[in-house]
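Take a look at the letters that make up each chain.
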Amino acid sequence: MQLAAAAAAEISALQLDFVLSFSAAPVHELHAIAYYGVWTFEFGDWQQFRGSPPGFWEVYRNAKVTGAMLSRVTAERDEVIPLRRGSLSTRQFSYAANRDQLLSRFKHWPVQVCRDILSGDIQYLQEAPLRGRPTLNGPPCNKGVLRFVIRMAWYLANRGMRPWIEHDHWNIGIVEQPIEDFVHPQRERKPIKWLPTPGSGEFVADPFGWVRDGQLTVFCEYLNYGGDAIGTIAAIQPFGSGSRVPVTIGPVPRVHLSYPVVFEHEGRLLCIPETQGAREVALYGLERFPDRWVRIATLIPDATVVDATLFRHGELWWLAGASDPGGAQLGADLHLWYATDIKGPWTAHPSNPVKTDVSSARPAGTPFVSEGVLYRPAQDSSVTYGSRVVINRVVALTTTTFREEPAAFVAPDTNGPYPDGLHTLSAVGRMTLVDGKRLAFSGAEFRRVLRRMVMRRVRKLF
């Protein structure tokens, strides 16, 4: 103990800004050894799955997500100050894969905190500590291992059958109140008015709207399981004919299209559809309303980006999108770009990915300002794909820093026709567009999965 005290005194004399500890041993005794404290990585939910080895207990207990945290230690062993928090979908079939993704996907966090310190954004380093589970998880007993094996066998069988019998059916709804009402829980939520149910094997999702000559037009993704199951963009006038008009937009050769963000700039209607199959984010301008669009510029080349969302903040244009070069968990990493002109050049944020969290990173609609605060809707896919929308309050957004925190959640109507998911929240005037999902069998999708499996077997044989 005397040697440890002497060593601590020598380290303190160096006047270090911070110490990053990679030791599994407790370091709370040294919490004041550096100006900004001692930082350490914590893997697993601090309040539920605390304990070693990292990422094991989520697999063992069949948790949907596995959490991670960069924390500042305090004098109390069971209390830390969170500096960064995130989560990934648990790799249920492999503890090694789950462990490896934890050890590789969050290593940039200390650099992000250093950028915050250099920019003066340091108040969160002194916030109230988070108290964790005092008892660490211990090794499982033999009965526990047997239960795990049985549960894993059931999970494998259940997951293997699900693509055959359970398919996503999305539809679009209209809420006749402004989007900012969703961030204020005291304001009464008006009911969702759903569009007519799409035809068998079809769905519409990712709605963005525009009002022209007093008429609302909804631009959305359209997909037909019975065809090639490649998404296209469609235009629908819900208060007019209600018919679906195919929209000509996107690169050639054709790729899957979705998430058509529409907005007006300098008197012209523009659109940024998701074109991740072409590895680009491109800007299109209206040539003939609503179905003919022409390419104007490539904003982000050679990048796999989903749900790219444009917004204005301060003096800059910002583009937010989910991107993962490895494609392991597309949607868990949030990337930002900024530009002074809408056509670019666009500069990648130096802290990219600015956020890694499967429960609140991927964009889910139009950012908006309420009472002077910027909010950003994001998808929460921690339970299932597109399970609900979380509205994040943006705390800091500059060309060097980014932080946000959850402010409200928009869950699907469990008593309505689409109770199993909701993953878009977009503003159009004083109305808000949403989409909803229900899980049900689709004969067209069943045949598509069967056809794909047969062709895979044939290719292996020949």
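The structure this text deals with has already been given above.
Residues numbered from 1 in each chain as written. Predicted model: local features only at pLDDT ≥ 70, side-chain atom pairs only at ≥ 80, totals over all residues. Heavy atoms only, no water.

Looking at the side chain of Q112
Topologically, Q112 is positioned in helix α4 (residues 109–119). For Q112, the side chain forms a polar contact with the side chain of R84, separated by 3.1 Å. Beyond its immediate stretch of four places on either side in the chain, Q112 contacts R84, S351, P353 and V354. (Helix = DSSP H or I, 4+ residues; strand = E, 2+ residues; numbered from the N terminus. Polar contact = N/O pair within 3.5 Å; in protein donor to acceptor, adjacent residues only side chain to side chain. Contact = heavy atoms within 4.5 Å.)

Some thoughts on the sheet that holds strand β14 (residues 280–288)
If you trace the four strands from one edge of the open sheet to the other, you get β12-β13-β14-β15, paired in antiparallel fashion. Single-partner strands in this sheet number two, and they are β12 (258–265) and β15 (292–301). Here the strands of the sheet are splayed against their neighbours by 25° on average, with no regard to which way each runs. Pairing analysis gives two bridges linking strand β13 (residues 268–274) to β14, with the strands arranged antiparallel. By the bridge assignment for β14, C271 is matched with Y284. (Pairing = 2+ DSSP bridges. Axes fitted to C-alpha atoms, helices over the stretch in contact; angles between N-to-C directions.)

Focus: α4
Taken together, the buried positions of α4 are W109, P110, Q112, V113, D116 and I117. What you see down the axis of α4 is that its buried residues fit within an arc of 160°, all on one side. In this fold, the buried residues of α4 make contact with β1 (19–21), β2 (38–43), β3 (65–73), β4 (79–89) and β24 (402–410). (Buried < 20%, exposed > 50% of the residue type's maximum accessible area, 1.4 Å probe, protein only. Arc of directions from axis to C-beta.)

What to know about a nonpolar patch on the surface
A contiguous nonpolar patch, built from I11, L14 and L16 and spanning about 240 Å² of accessible area, is present on the exposed surface. Here L14 shows up in the loop between α1 (2–13) and β1. Of the residues examined, L14 reaches a relative accessible area of 58% and is grouped as exposed. (Patch = residues over 30% accessible without salt bridge, like charges linked within 9 Å, V, L, I, M, F, W, Y side chains within 5 Å. Areas by Shrake-Rupley, 256 points an atom, 1.4 Å probe, with all protein chains shown as cover. Salt bridge = Lys/Arg side-chain N within 4 Å of Asp/Glu carboxyl O.)

Here we look at the layout of surface pockets
In this structure, the second largest pocket spans a volume of roughly 1,200 Å³. Taken together, 44 residues line the second largest pocket, and the ones lying closest to its centre are R84, R85, G86, D357 and P406. Elements supplying a minimum of two residues to the lining of the second largest pocket: β3, β4, β20 (355–356), β23 (388–397) and β24. Among the residues forming the lining of the second largest pocket, the class breakdown is 19 nonpolar, 13 polar and 12 charged. (1 Å grid on protein atoms, 1.4 Å probe; cavity = no way out; pocket = protein on both sides within 12 Å on 5 of 7 lines; lining within 4 Å. Points joined across faces, edges and corners; volume = space filled by probe spheres on them. Nonpolar A, V, L, I, M, F, W, Y, C, P; charged D, E, K, R; others polar.)

Quick word on unusual backbone geometry
Looking along the chain, the bond that leaves V252 and enters P253 is cis, with omega of 5°. With respect to the element layout, P253 can be found in the loop between β11 (244–246) and β12. The omega torsion of the bond from F289 to P290 falls at -5°, within 30 degrees of zero and hence cis. As for its placement among the helices and strands, P290 is situated in the loop between β14 and β15. Phi is positive for Q15, which is not a glycine, with a value near 55°. The topology assignment puts Q15 in the loop between α1 and β1. Positive phi outside glycine occurs at N62, with the angle close to 60°. Following the sequence through the fold, N62 ends up in the loop between α2 (56–60) and β3.

Some details on empty space enclosed by the protein
Scanning the entire structure with this criterion turns up two cavities of 30 Å³ or more. One number sums up the size of the largest cavity: a volume of about 40 Å³. Around the largest cavity sit R84, Q112, R115, D116, S351, V354, T400, T401 and F402, which together line it. When residues of the lining of the largest cavity are assigned to their parent elements, the largest contribution, three residues, is made by α4. Among the residues forming the lining of the largest cavity, the class breakdown is two nonpolar, four polar and three charged. Counted as a void, the second largest cavity has a volume near 30 Å³. Elements represented by at least two residues in the lining of the second largest cavity include exactly β22 (373–380) and β23. Tallied by class, the residues present in the lining of the second largest cavity amount to six nonpolar, no polar and one charged.

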